[in-house]
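So the chains spell out like this:
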Amino acid sequence: MKIISTKNNLQILHEDNHILVVNKRVGDIVQGDKTGDKPLSDVVKEYIKDKYNKPGEVFLGVVHRLDRPTTGIVVFARTSKALTRMNELFSNRETQKTYWAVVKNKPSKTEDKLVHYLKRNEKNNTSKAHIKEVPDSKLASLDYTIIKELQNYFALEINLHTGRHHQIRAQLSAIDCPIKGDLKYGSDRSNPDGGIHLHARKLVFIHPVSKEELEIIAPVPNEVVWNAI
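Not measured: the values here are computed from a predicted model. (Residues numbered from 1 in each chain as written. Predicted model: local features only at pLDDT ≥ 70, side-chain atom pairs only at ≥ 80, totals over all residues. Heavy atoms only, no water.)

When its secondary structure is counted, the protein shows four helices and 12 strands. For the protein, whose C-alpha radius of gyration is 18 Å, the value lies close to the compact-globule estimate of 17 Å for 229 residues. Burial status across the protein gives 46% buried among its 229 residues. Within the protein, counting contacts between residues at least 6 apart in sequence, those at least 24 apart form 60% of the total. A total of about 12200 Å² of accessible surface is found on the protein, and carbon and sulfur atoms cover 45% of it. Positive and negative side-chain charges in the protein, numbering 36 and 28 respectively, have mean positions lying 2 Å apart. (Helix = DSSP H or I, 4+ residues; strand = E, 2+ residues; numbered from the N terminus. Rg over C-alpha atoms; globule rule 2.2 N^0.38 Å. Buried < 20%, exposed > 50% of the residue type's maximum accessible area, 1.4 Å probe, protein only. Contact = heavy atoms within 4.5 Å. Areas by Shrake-Rupley, 256 points an atom, 1.4 Å probe, with all protein chains shown as cover. Lys, Arg positive; Asp, Glu negative; His and termini not counted. Charge placed at Lys NZ, Arg CZ, Asp CG, Glu CD.)

Here it is, written out as structure tokens:
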């Protein structure tokens, strides 16, 4: 899938009357937070208002979020009906989420399933992966495959089975494979743009209204390591 348009610094991957899918850039926040920085949701609202000459307030529902240093697919709902149905798809795990990650250390296996119990630390906004269940922890599961060996790094394709806070970052860190640039989870150096090499690459789901299957693929950022993949 190609970017269908780029306006207001938005890379739009899919757009119809019910949903709008954006390829998020490093540093964008999906929803407003305590930083006060302008969120992606506001940029999308402005785009819709401008394109369709909409008077008054534009409805836009945030279906899910990506961490600020992460890139890739973010889905917004343009109607309350679509928002309700998309929320159900995500909460019932009726979506297929595929991520790409770049790590410095080679995993011990070419492909594997990782199962941990994640416990969130609200104070420092991290999650710690435990092998066994601990109080207030949640089961986290994913599988990964090494898809390319680069000169100094390894590219992994990851399929998420659960959607926990910082799940991929915490689980890869737990097997001594922190994501490139992810200081919070053990990377030895940051990336120049402040981002990390984690990209929401593909999302497959049933459209909330048309009921057709949609497969959306987000191009990776135009950057040396990503381009090598």
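Moving on: the packing of aromatic side chains. Tallied over the full model, the rule gives zero aromatic pairs. Positioned above the aromatic ring of Trp-100 is the side chain of Arg-201, whose terminal nitrogen or guanidinium carbon lies 4.2 Å from the ring centre. (Phe/Tyr/Trp six-rings, centres within 6.5 Å; stacked < 30°, edge-to-face > 60°. Lys NZ or Arg CZ within 6 Å of the ring centre and 35° of its normal.)

Positive phi, normally seen in glycine, also occurs at His-166, with a value near 55°. On the secondary structure map, His-166 appears in the loop between strand E10 (154–160) and helix H3 (167–174). You can call His-166 buried: its relative accessible area is 7%. A positive phi angle is found at Asp-176, which is not glycine, with a value near 65°. With respect to the element layout, Asp-176 can be found in the loop between H3 and strand E11 (198–206). A residue is classified by how much of its surface remains accessible, and Asp-176, at 53% relative accessible area, is exposed.

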